[in-house]
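A look at the structure
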Amino acid sequence: MEASDPLKRYKVGSVPTVYYIPDFISDTDQTQLLNKIYTAPVSKWKSLKNRRLQDWVPSWLTKITEKISEESSLFPSAINHVLINEYLPNQGIMPHQDGPAYYPVVAILSLGSPVVMDFTPHAKLVGTASNIEDTGSIEGTDDEMLPNHHPFSIALMPRSLLIFKDLAYSEYLHGIKDCEIQPYDTAVNATEVSRQQNVIEEHDGDLKAIHRSITRVSLTCRVVSKVHKNLFRF
Ligand SMILES: O=C(O)CCC(=O)C(=O)O
Ligand SMILES: [Fe+2]
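For the protein, an unreviewed UniProt entry supplies the name Oxoglutarate/iron-dependent dioxygenase and the organism Artemisia annua. The record in UniProt for the protein states the following under Sequence similarities (unreviewed entry): "Belongs to the alkB family." UniProt's Subcellular location (unreviewed entry) comment on the protein is quoted here verbatim: "Nucleus".

Pasting the structure below:
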């Protein structure tokens, strides 16, 4: 492994820069995290139109955020912002770009059901107040393609860690379709999927797809600067 990029062997796809680390945490860690998330006070959950989330960094999460920070060496300081998103099998997240309040590297830990995340290139996004999402993200459409920028997708298996930055962060929108069946044939990490359970493999129409039959929970880990944090204090 190269000292300058400890994650080099996890790089996937051709767009800079996306890392996919399978089995980032153990089964036991996954179970413990889900227990903590689901025993959190109901008041910690915030309901949105198509999913619900928790937006805090409780002390039981620091073990995992420190592991992410140490093993990636990509964050300028301790991870101080974690969004916990919960998705039922027919729920997703609109294509969006993460908001300007964050340092431009994001790490997403996946628990529960696998899903497919789609990356679509965008031209210039207009950051008006009306398209800032509740998560501090900017909504956008995927109809403004940049030449030579191709869409791609990535399968997010349980216990995996996705990290993206650079062009994938700044020039692409990311989202998850609100479908229970999600084809993954063309995913940049398709080979990682076939080893796993909870996956339908339909060879007839060459359709290989993930069947989301249980809830997915994701932990979106970022660094938000103190200056920007004040913007969210209403
Ligand atoms: O749940 C995910 O994997 C994505 C979440 C996300 O993109 C966000 O919170 O900004
Ligand atoms: Fe996001």
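Within the protein, the atoms that donate to the iron ion (ligand 2) are His96 (NE2), Asp98 (OD) and His174 (NE2), at distances of 2.1 to 2.2 Å. Within one chain, the residues serving as donors to the iron ion (ligand 2) are arranged as H-x1-D-x75-H. A residue pair is termed long-range when its members are at least 10 positions apart, and Asp98 in strand β5 (residues 93–98) and His174 in strand β11 (residues 172–176) qualify at 76 residues. Given the relative accessible area of 6%, Asp98 is considered buried.

Neighbouring residues of ligand 1: 15 residues in total, closest Tyr87, His96, His174, Arg216 and Ser218. Between ligand 1 and Tyr87 there is a distance of 2.5 Å, counted from an oxygen atom to a side-chain nitrogen or oxygen. His96 has a polar side-chain atom sitting 3.1 Å from an oxygen atom of ligand 1. With four residues, the top contributor of residues to the shell around ligand 1 is strand β15 (residues 216–222).

The next point concerns the packing of aromatic side chains. What characterises a pair of aromatic rings is the spacing of the ring centres plus the angle enclosed by the ring planes. With the rule as written, the count across this model stands at five aromatic pairs. Geometrically, the ring pair formed by Phe164 and Tyr169 is tilted, given 6.1 Å between the ring centres and 45° between the ring planes. Judged by its relative accessible area of 7%, Tyr169 falls in the buried class. Aromatic ring contacts, followed pair by pair, group Phe119, Phe152, Phe164, Tyr169 and Tyr172 into a single cluster. In this structure, Arg52 packs its charged tip against the face of Trp45, placed 3.9 Å from the ring centre. Stacked on the ring of Tyr102, the Lys or Arg Arg222 has its end atom at 3.8 Å from the ring centre.

Rules used in this analysis
Residue numbers here run from 1 along each chain, matching the order of that chain's written sequence. In the order they appear in the text, chains get letters beginning with A and ligands get numbers beginning with 1. In view of the model being predicted, local features appear only for residues whose pLDDT reaches at least 70, and side-chain atom pairs are presented and counted only at 80 or more, with totals across whole chains, interfaces and linings using the full set of residues. With hydrogens and water set aside, each side-chain value is computed from the structure's full complement of heavy atoms. UniProt positions are given in the numbering used here, feature names are shortened, and annotations may be inferred rather than shown by experiment. Here the coordinating atoms are restricted to nitrogen, oxygen and sulfur within 2.8 Å of the metal centre, or 3.2 Å for Na, K and Ca, and because water is not among them the sites may look incomplete. Helix numbers and strand numbers start at the N terminus; a helix is a DSSP run of H or I with at least 4 residues, a strand a run of E with at least 2. Between buried and exposed lies partly exposed: a residue is buried under 20% and exposed over 50% of the maximum accessible area for its type, with that area taken using a 1.4 Å probe on protein chains only. Here a residue counts as near a molecule or strand whenever at least one of its heavy atoms sits within 4 Å of it. Two N or O atoms form a polar contact when they lie within 3.5 Å of each other; inside protein one atom must be a possible hydrogen donor and the other a possible acceptor, and for residues adjacent in sequence the pair counts only when both atoms belong to side chains. Pairing of aromatic rings covers Phe, Tyr and Trp, the last through its six-membered ring, and needs centres within 6.5 Å; plane angles under 30 degrees mean stacked, over 60 mean edge-to-face, and all others mean tilted. Note on criteria: charge over ring means Lys NZ or Arg CZ within 6 Å of the ring centre, with the direction from the centre no more than 35 degrees off the ring normal.

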